[in-house]
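# Commentary on secondary and tertiary structure
Take a look at the letters that make up each chain.
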Amino acid sequence: MAESNSTDFDLLWYLENLSDKEFQSFKKYLARKILDFKLPQVPLINLRATKEELANLLPISYEGQYIWNMLYSIFLMMRKEDHCMKIIGRRNRNQEACKALMRRKVTLQWENHTFGEFHYKFFCNVASDVFYVLQLAYDSTSCYSANDLNVFLMGDRASGKTMTINLAVMKWINGEMWQNMISYVVHLTSHEINQMTDSSLAELIAKDWPDGQAPIADILSDPKKLLFILEDVDNLRFELNVNEHALCSNSTQKVPIPILLVSLLKRQMAPGCWFLISSRPTREENIKVFLKTTDCYVTLQLSNEKRELYFHSFFNDRQRASTALMLVHDNEILTSLCRVAILCWITCTVLNRQMDKGHDPQHCCETPTDLHAHFLADALTSEARLTANQYHLGLLKRLCLLAAGGLFLSTLNFSGEDFRCVGFTEADVSVLQAVNILLPSSTHKDRYKFIHLNVQEFCAAIAFLMAVPNCLIPSGSREYKEKREQYCDFNQVFTFIFGLLNENRRKILETTFGYQLPMVESFRRYSVEYMKHLGRDQEKLTHHGSLFYCLFENQEEEFVKKVVNPLKEVTVYLQSNKDMMVSLYCLEYCCHLRTFKLSVQRIFEYKEPLVRPTARLSYISTASGFEELLKALARNRSVIYLGLNCTSISLNMFSLLREILDKPTCQISHLSLMKCDLRASECREIASLLVNGGSLRKLTLTNNPLRSDGVNILCNALLHPNCTLTSLALVFCCLTEKCCSSLGRVLLLSPTLKQLDLCVNHLRNYGVLHVTFPLIFPTCQLEELYLSGCFFTNDICQYIAIVIATNETLRSLEIGSNSIEDAGMQLLCGGLRHPDCMLVNIGLEECMLTGACCESLASVLTTNKTLERLNILQNQLGDEGIVKLLESLILPDCVLQIIGLPLNNVSAETQRMVMTVKERKPDLIFLSETWSVKEGREIGVIPASQPGSVIPNSNLDYMFFKFPRMSTAMRMSNTASRQRL
């Protein structure tokens, strides 16, 4: 990158102002400094080089920052104060030039708005905490600072990230922040970066400087005083997962822009520099890959206290502010809406105007639809010169056409051409800007956007009910769309549509503009008919949250009843109070509900009763989590399955579970505690549940590191007279042979245990022998045993064969993923052919079988009269072996109903034979390679025998509960963990 043409950067000028003797000393010092700076040696730079030669050689051999840092250091040692002062003076001037440049670039958004001054004062006040963090973060003497620090400024759309950054930069320019800490700021936005392909660091820094002439050498001379601001990293068009070997350290070398950014973020370039990075909350690796434990993570959100401050500042009237705050506080939907300052401004503006008109905001501003309808109606008719309803209506129609066209074509920033396309004049755009419906885009030059996406979505909803024609706005035809403009979630649009189906809310617009929305009745009829269709095909609607939000926005009782009436199955995900409130409102009208699936994905405190006054149950949440919810659900006699999977189970929770299970009214028969990080130390608590469990019949402890010590404790409880458990799942619980003698004793003596799942545990031969040996005795009541992936070999298959041949109660045996091989299979076939074998299912997938065992297995298929299910998938049987099995399958003596055969790589002739078998035996089911062994029953059948359930109807058949994980994840293989239904 070319430097300034003045003598400031004229290397020859500095050298020519040295005497011959001083120049010789300079060259000696230079040779030493090149070593000190660990720069490569250049043979031509030697004691014989002339001043002109040296002035020409240095710039082509080293980067400018190294040259001038060496020169300054040498001049200091030579006591050339005039030279040093000239360099210092140049650097000071360039620092001021950078501040002047940033002042021009950072044009604060509020200066363009009628609410700008108010927002400026508010943000200066509420952002003071953020500024304090930013001041300490970049202070190398602060304990909060760290080397190569990244400060991440996170916030949702319109949360004030850009405004906060602009304010911080202005404070730096005005000397109020980062004094003697930051000398230069390089400001980059994702929109700017997305336009680039290849660039050098020097070019990147110089992009905002006049004619691209930036003082690169000075900017990079002290990276510890250089701050890079990277805005909207979530909007980058590329991923930043660059190979370490591709990184670059040369500031003048052109590289692809992802490599350049990663080289900077990894400090391969400008080592020691600082970064301030803004982003919306995201799971993308662009954030995760650079977030270190030493970094600073700041989240911008309007807290309750800051929202109160905003309202009081806006109204400047205590009574009005209190009235508005009470309305918002008592409405979870409006509370969540007012977590963003711009939406706070819209809310306050609407409420203030309604109070001015003498209206009660409690009745006229209940939902976001109300707020946005009032906002549009007041804004579009606020100008005194707008007197004709037709003009108002035309303005609204064109605005809605623009909004809908933008969303359908993923366009949120509009050009002048877009405005002309929908019929807007320059005067129209000026009006819309004056009333703060449209604002200048903060990212796209000479473009406008809606004040908030919600307003664009609301206008699009009106467009739908107006039946406006499609409009292909020119910006929508752009081939490349940035991530933030890629609009694909129309849930909020449909929520507003349903809100406008409410007559009272619709009248806000229809009365103001003198126009009836023509598509309302058609959409109402369509919604009801479509839900009837879904009622016949439940799988088409996998969860009901979006629909419930639409209906809550509508709140016309008869219409809501008609829409949800066909629903027999509902799935709800809860993350917040508003999810709970919305779900309860809609579930009250689900009169034909038979299956309810609930997933609590995040613990939150709910402020209201869980059910309506008409229900027998009530629920008040406590700050400690969801204990009261469990109590309420447990009192529901219909609930027979309770799953607390992926949840940290505390001692208090165990105590609560004992209390719940011990109640005579409790009907819970299946308790699932999968992946709860339970250890041997918790097994005494689990054992107490078994002894005092009342109705408990099935316990799932899959994917918990219980270890053998823990299971030994459980075994004592399993033999307690009060324990009536019939099914125990211990999949992937870090068990070894050390607990198998205790398990064997349980199998021998327990009068109730009928199903035991020990899959994916390191039991080995010795352990499996101890578990299977009790099965030869008549006191053993076990019917299903699962030992897949237990690391045993064919050395013990003869003993398993004896069990198969003699046990009269065993119906299902899963022993896949073990080294059984052909020799072991021959032994097992002997047991399967025995006339006393009562086995119905056997699983032998992935057992290292070949075609050599297929003749014996084929004879089993024709002699065994009880075996209905056989799985030998993931074995290398070959065409010859499979043909032998098919020849037996086709015979009438074969009673098999389900078979898993490895048919992926068989010949065409074998495939034809498979088709023949399927034609002859159409009821025979062939399983594919992706099949996994499951029982065909559902979890949690709930008889609808008791009224007053958690949902106020008595027809519930099923209820599923899933609660969030609250402890650190166990370091176990997820692939080894499997839930058996």
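Scroll up to find the structure.
The paragraphs below set out a description of the structure included in this document. Within each chain, residue numbers correspond to sequence positions counted from 1 in written order. Owing to the predicted nature of the model, reporting of local features is limited to residues with pLDDT of at least 70; listing and counting of side-chain atom pairs is limited to 80 or more, with chain, interface and lining totals taken over all residues. Excluded from the side-chain calculations are hydrogens and water; all other atoms, namely the structure's heavy atoms, are used.

## Some remarks on the side chain of E553
With respect to the helices and strands, E553 occurs in helix α27 (residues 545–554). In what follows, residue pairs with any heavy atoms lying within 4.5 Å of each other are defined as contacts. The residues contacting E553, other than those within four sequence positions of it, are T367, P368, T369, T495, G499 and R505. Secondary structure follows DSSP: runs of H or I at least 4 residues long count as helices, runs of E at least 2 residues long count as strands, and numbering of each begins at the N terminus.

## Points about the pairing of strand β7 (residues 296–300)
The classification of residues rests on relative accessible area computed with a 1.4 Å probe and restricted to protein chains. Under 20% of the type maximum is buried, over 50% is exposed, and intermediate values are partly exposed. Judged by which residues are buried, β7 turns out to be one-sided: C296, V298 and L300 face inward and are buried, whereas Y297 and T299, on the alternate face, are not. Relative to β7, strand β1 (residues 150–155) is paired through 5 bridges, and the arrangement is parallel. Along β7, the bridge assignment pairs L153 with V298. Strands qualify as paired when DSSP identifies two bridges or more between them.

## Examining the pattern of salt bridges
Where side chains of opposite charge bring their charged atoms close, a pairing between them can arise. The term salt bridge refers to a side-chain nitrogen of Lys or Arg lying within 4 Å of a carboxyl oxygen of Asp or Glu. Using the criterion set out here, one finds 29 salt bridges in the structure. One salt bridge in this structure joins K207 and D208, with 2.8 Å as the shortest N-O distance. Residue K207 is classed as partly exposed on the basis of its relative accessible area, which comes to 27%. In this structure, the salt-bridge partner of E510 is R506, at a minimum N-O distance of 3.3 Å. A residue pair is termed a helical-turn pair when its members lie 3 or 4 positions apart in one helix, as E510 and R506 do in helix α25 (residues 503–513) at 4 residues. Both residues of the pair, E510 and R506, count as buried. Among the charged side chains, a network of salt bridges with common partners joins K105, E192, K207 and D208.

## Comments concerning the sheet that holds strand β13 (residues 670–672)
If you trace the 11 strands from one edge of the open sheet to the other, you get β12-β13-β14-β15-β16-β17-β18-β19-β20-β21-β22, paired in parallel fashion. Strands at the two margins of the open sheet, each flanked by one partner only, are β12 (641–643) and β22 (925–927). With direction set aside, neighbouring strand axes in the sheet form an average angle of 5°. Sheet topology places strand β21 (residues 898–900) next to β22; 3 bridges connect them, and they run parallel. Paired with G900 across the strands is L927, a residue of β22. The angle between two axes is taken between their N-to-C directions and runs from 0 to 180 degrees, where each axis is a line fitted to C-alpha atoms and a helix contributes only its stretch in contact.

## Quick word on a nonpolar patch on the surface
Residues forming no salt bridge and having over 30% relative accessible area are the ones grouped into patches, like charges within 9 Å of each other and nonpolar side chains (Val, Leu, Ile, Met, Phe, Trp, Tyr) within 5 Å. What sets the accessible areas is the Shrake-Rupley method with a 1.4 Å probe; for residues, cover comes only from the shown protein chains. Together, F773, I776, F777, Y799 and I802 line one region of the surface with nonpolar side chains, adding up to about 460 Å² of accessible area. The topology assignment puts Y799 in helix α36 (residues 797–806).

## Here we look at the packing of aromatic side chains
A pair of Phe, Tyr and Trp rings is counted when the ring centres sit within 6.5 Å of each other, with Trp represented by its six-membered ring. The angle between the planes then sorts it: under 30 degrees is stacked, over 60 is edge-to-face, the rest tilted. Throughout the structure, instances matching the rule amount to 26 aromatic pairs. On the basis of an interplanar angle of 80° and a centroid distance of 6.1 Å, the ring pair of W345 and F375 is categorised as edge-to-face. Residue W345 is found in helix α17 (residues 341–356), and its partner F375 is found in helix α19 (residues 368–380); the two are separated by 30 residues along the sequence. A relative accessible area of 9% places W345 in the buried class. Residue classification places F375 among the buried positions, given a relative accessible area of 1%. When the ring of F552 is compared with that of Y585, the centres are 5.4 Å apart and the planes differ by 90°; the resulting orientation is edge-to-face. Taken as a pair, F552 in helix α27 and Y585 in helix α29 (residues 577–587) lie far apart in primary sequence, 33 residues in all. Linked through ring pairs, F464, F494, F498, F523, Y526, Y530 and F559 together constitute an aromatic cluster. Note that K86 overlies the ring of W13, its terminal NZ or CZ placed 4.8 Å from the centroid. Only lysine NZ and arginine CZ atoms are considered, and such an atom sits over a ring when it is within 6 Å of the ring centre and within 35 degrees of the ring normal.

## Remarks on the sheet that holds strand β2 (residues 184–189)
The sheet built from 5 strands is open, its strands ordered β2-β4-β6-β1-β7 with parallel pairing. The open sheet has two free edges, formed respectively by β2 and β7, since each of these has just one partner strand. Sheet twist, expressed as the mean angle between neighbouring strand axes with direction ignored, is 15°. The pairing of strand β4 (residues 226–231) with strand β6 (residues 274–279) spans 4 bridges and is classified as parallel. Following the sheet pairing, F228 is matched in β6 by F275. Each of β1, β6 and β7 is contacted by helix α7 (residues 128–137), which is oriented at about 165° to β7, the strand it contacts most.

## A look at the pairing of β6
Across the 6 residues of β6, 6 count as buried, placing the element largely inside the fold. Both faces of β6 are covered, namely the face carrying W274, L276 and S278 and the face carrying F275, I277 and S279. Examined bridge by bridge, β1 and β6 share 5 bridges and lie parallel to one another. Residue pairing for β6: V151 is matched across the bridge by L276.

## Brief notes about helix α31 (residues 651–662)
Taking 1.5 Å of rise per residue, 12 residues should cover 16 Å, and α31 covers 16 Å from first to last C-alpha, within 8% of that figure. The set of residues buried in α31 consists of M653, F654, L656, L657, I660 and L661. Along the axis of α31, the buried positions cluster into a sector of 160°, meaning they face one direction only. With respect to the buried face of α31, the exposed residues turned more than 90 degrees away are L651, N652 and D662. Here, expected helix span is obtained from the residue count minus one, scaled by 1.5 Å. Here the arc refers to the directions that run from the helix axis out to each C-beta atom.

## Focus on the packing of α17 against α19
For the pair α17 and α19, the least separation of the axes is 9 Å and the interaxial angle reads 70°. With respect to α19, the axis of α17 lies roughly perpendicular. Every residue of α19 that contacts α17 at W345, I346, T347, V350, R353 and Q354 is listed here: L371, H374, F375, D378 and A379. Residues belonging to the contact of α17 with α19 are distributed by class as follows: 6 nonpolar, 3 polar and 2 charged. Between 65 and 115 degrees an angle is taken as roughly perpendicular, under 35 as roughly parallel, over 145 as roughly antiparallel, and anywhere else as oblique. Residues are grouped as follows: Ala, Val, Leu, Ile, Met, Phe, Trp, Tyr, Cys and Pro are nonpolar; Asp, Glu, Lys and Arg are charged; all remaining types, including Gly, are polar.

## Quick notes on unusual backbone geometry
Unusually for a residue other than glycine, S410 sits at a positive phi of about 50°. Within the fold, S410 resides in the loop between α20 (389–408) and α21 (416–422).

So far we have only geometry, and geometry alone does not tell us how the molecule works.
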